[in-house]
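Chain by chain, the residues:
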Amino acid sequence: MESNVLNQTFSFELKIASFDIPPSAVYPIFIIGMLIYLFSVLSNLTILLLIVTQKSLHKPMFYILFSLPLNDLIGITVMFPRVLIDIVTKRHTVYYPTCVLQGFLLHMFAGGTLFVLAAMAFDRYIAICKPLRYHAIMTPVTVAGILALAWGTDFALILVLFLLQARVRRCRIFIFNVFCSNVALLNLSCGEDTTINNIYGLFITAFMQIVTIAVQLFSYIQILLTCVFNKQSNAKTKAVNTCLAQIMWAEGPPS
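Predicted model only: the values in this text are computed from it and were never measured. (Residues numbered from 1 in each chain as written. Predicted model: local features only at pLDDT ≥ 70, side-chain atom pairs only at ≥ 80, totals over all residues. Heavy atoms only, no water.)

With respect to a nonpolar patch on the surface
Thinking step 1. Taken together, Ile213, Leu217, Ile221, Leu225, Val228 and Phe229 make up a surface patch of nonpolar side chains, about 600 Å² in accessible area.
Thinking step 2. Tracing the backbone shows valine 228 in helix H9 (residues 195-229). (Patch = residues over 30% accessible without salt bridge, like charges linked within 9 Å, V, L, I, M, F, W, Y side chains within 5 Å. Areas by Shrake-Rupley, 256 points an atom, 1.4 Å probe, with all protein chains shown as cover. Salt bridge = Lys/Arg side-chain N within 4 Å of Asp/Glu carboxyl O. Helix = DSSP H or I, 4+ residues; strand = E, 2+ residues; numbered from the N terminus.)

This is the structure in structure tokens:
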């Protein structure tokens, strides 16, 4: 396939890889996929609406939590519908600007999940380890600052990643994946040196993982120490529930 696209003039209408699905399974897979997508959308919208409408949830923890289902909605909406439509229509094409937008938002989704989980862990650390100062520390301004830092850092890192990718001249027209990403877009290049792109991509991946995991580990350790040394049973229960909730979100947030 690669030999067929190397020498072609770059076109804004790209060809994209597809799943190898037997004709008899196309519509069953489309229906199942659409049901999964609709269930995910409904679940995330329900969480968002509950946080907005229930005054009892108007707390710093839930303001931060609000970002997770919102981020998840963006991720699944960017990914699922296009793939499902492609399965049925069998067009296997994507418009270049749309491909760039999808890749950018998918990278934002992945990084956003990590940063928001770290923000949630920090909030729980303050709530359990410094309960008397919680409301003095986690003011609306502080919460807004934490969210701005999480999303701003994510946006800045991904923006630079795609700006570096945009400078590369393109000759190929085939995306070797069923969705667009930075790597897939770089593979459209005319064989140019993409060392800087690769190094920066590895750097931001390591940076996101190390920073967010460090914040979560610090918070968990402090919470567990509070759980061990605090003689009050309700404090221990609160600490354990917090750790379990965080682990469940980290392992599989709603999708």
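Still more to cover.
Considerations on the confidence of the model for the protein chain
Low-pLDDT stretches of the model should not have their predicted coordinates read in fine detail.
Thinking step 1. When pLDDT is averaged along the protein chain, the result is 86, and 85% of the positions lie at 70 or above.
Thinking step 2. Averaged pLDDT values for the elements of the protein chain fall to 44 in helix H1 (residues 2-5) and rise to 95 in helix H7 (residues 140-166).
Thinking step 3. The low-confidence segment residues 1-7, where pLDDT is below 50, has ten contacts with residues more than four positions distant or belonging to other chains. (pLDDT = per-residue confidence, 0-100. Contact = heavy atoms within 4.5 Å.)

Overview of the pairing of strand E1 (residues 13-16)
Thinking step 1. The side-chain alternation of E1 yields one buried face, formed by Leu14 and Ile16, and one unburied face, formed by Glu13 and Lys15.
Thinking step 2. Bridge analysis of E1 against strand E2 (residues 93-95) gives three bridges, and the strand direction is antiparallel. Paired with leucine 14 across the bridge in E2 is valine 94.
Thinking step 3. One ladder, built from two bridges, connects E1 with strand E3 (residues 174-175); its direction is parallel. Along E3, the bridge assignment pairs isoleucine 16 with isoleucine 175. (Buried < 20%, exposed > 50% of the residue type's maximum accessible area, 1.4 Å probe, protein only. Pairing = 2+ DSSP bridges.)

Some remarks on the pattern of salt bridges
Thinking step 1. Enumeration according to the criterion identifies two salt bridges in this entry.
Thinking step 2. The closest approach of N and O atoms between glutamate 13 and arginine 91, which form a salt bridge, is 3.7 Å. Of the two residues, glutamate 13 is situated in strand E1 and arginine 91 in the loop between helix H4 (67-89) and E2; the sequence distance between them amounts to 78 residues.
Thinking step 3. Overall, glutamate 13 belongs to the partly exposed group, its relative accessible area being 47%.
Thinking step 4. By relative accessible area, which is 53% here, arginine 91 ends up exposed.
Thinking step 5. The partner of aspartate 123 in a salt bridge is arginine 124, with the nearest N and O atoms 2.9 Å apart. Each of the two residues, aspartate 123 as well as arginine 124, counts as buried.

Some remarks on the packing of helix H5 (residues 96-129) against H7
Thinking step 1. Two elements in contact, H5 and H7, have axes separated by 9 Å at closest approach and are oriented at 150°. In this structure, the crossing between H5 and H7 has a hand that is right-handed. From H5, Tyr96, Val100, Gly103, Phe104, His107, Met108, Gly111, Gly112, Phe115, Val116, Ala119 and Phe122 reach across to H7, where they touch Ile146, Ala150, Trp151, Thr153, Asp154, Phe155, Leu157, Ile158, Leu159, Leu161, Phe162 and Gln165.
Thinking step 2. When the residues that make up the contact of H5 with H7 are grouped by side-chain class, the tally is 17 nonpolar, six polar and one charged. (Axes fitted to C-alpha atoms, helices over the stretch in contact; angles between N-to-C directions. Left-handed = near helix turned anticlockwise from the far one by under 90°. Nonpolar A, V, L, I, M, F, W, Y, C, P; charged D, E, K, R; others polar.)

Re the state of the cysteines
Thinking step 1. For the structure on display, the rule yields two disulfides.
Thinking step 2. Sulfur-sulfur distance for the disulfide between cysteine 99 and cysteine 180 comes to 1.9 Å. Taking the sign of the S-S torsion, -110° for the link of cysteine 99 and cysteine 180, the bridge is left-handed. With cysteine 99 in helix H5 and cysteine 180 in the loop between E3 and helix H8 (182-186), this residue pair connects regions lying 81 residues apart in the sequence.
Thinking step 3. Here cysteine 171 pairs with cysteine 190 through a disulfide, and the sulfurs are 1.8 Å apart. The sign of the 95° torsion about the S-S bond sets the cysteine 171-cysteine 190 disulfide as right-handed. (Disulfide = S-S within 2.5 Å.)

Here's the deal with the sheet that holds E1
Thinking step 1. Taking strand neighbours across the sheet as the criterion, the three strands line up as E2-E1-E3 in an open arrangement whose pairing is mixed. Each edge of the open sheet is held by one strand with a lone partner, namely E2 and E3.

Considerations on the packing of aromatic side chains
Thinking step 1. As enumerated under the stated definition, the model contains ten aromatic pairs in all.
Thinking step 2. Ring geometry for phenylalanine 12 and tyrosine 96: centres 5.6 Å apart, planes at 90°, overall edge-to-face. Placement of phenylalanine 12 in the loop between H1 and E1 and of tyrosine 96 in helix H5 is noted, with a sequence separation of 84 residues between them.
Thinking step 3. Ring centres of phenylalanine 122 and tyrosine 125 lie 6.2 Å apart, and the angle between their planes is 45°; on these two criteria the pair is classed as tilted. Separated by three residues within a single helix, phenylalanine 122 and tyrosine 125 lie in helix H5, roughly one turn from each other.
Thinking step 4. Since its relative accessible area comes to 30%, phenylalanine 122 is described here as partly exposed.
Thinking step 5. Relative accessible area serves as the criterion here: at 11%, tyrosine 125 is assigned to the buried category.
Thinking step 6. An aromatic cluster is present here, built from Phe12, Tyr95 and Tyr96 joined pairwise through their rings. (Phe/Tyr/Trp six-rings, centres within 6.5 Å; stacked < 30°, edge-to-face > 60°.)

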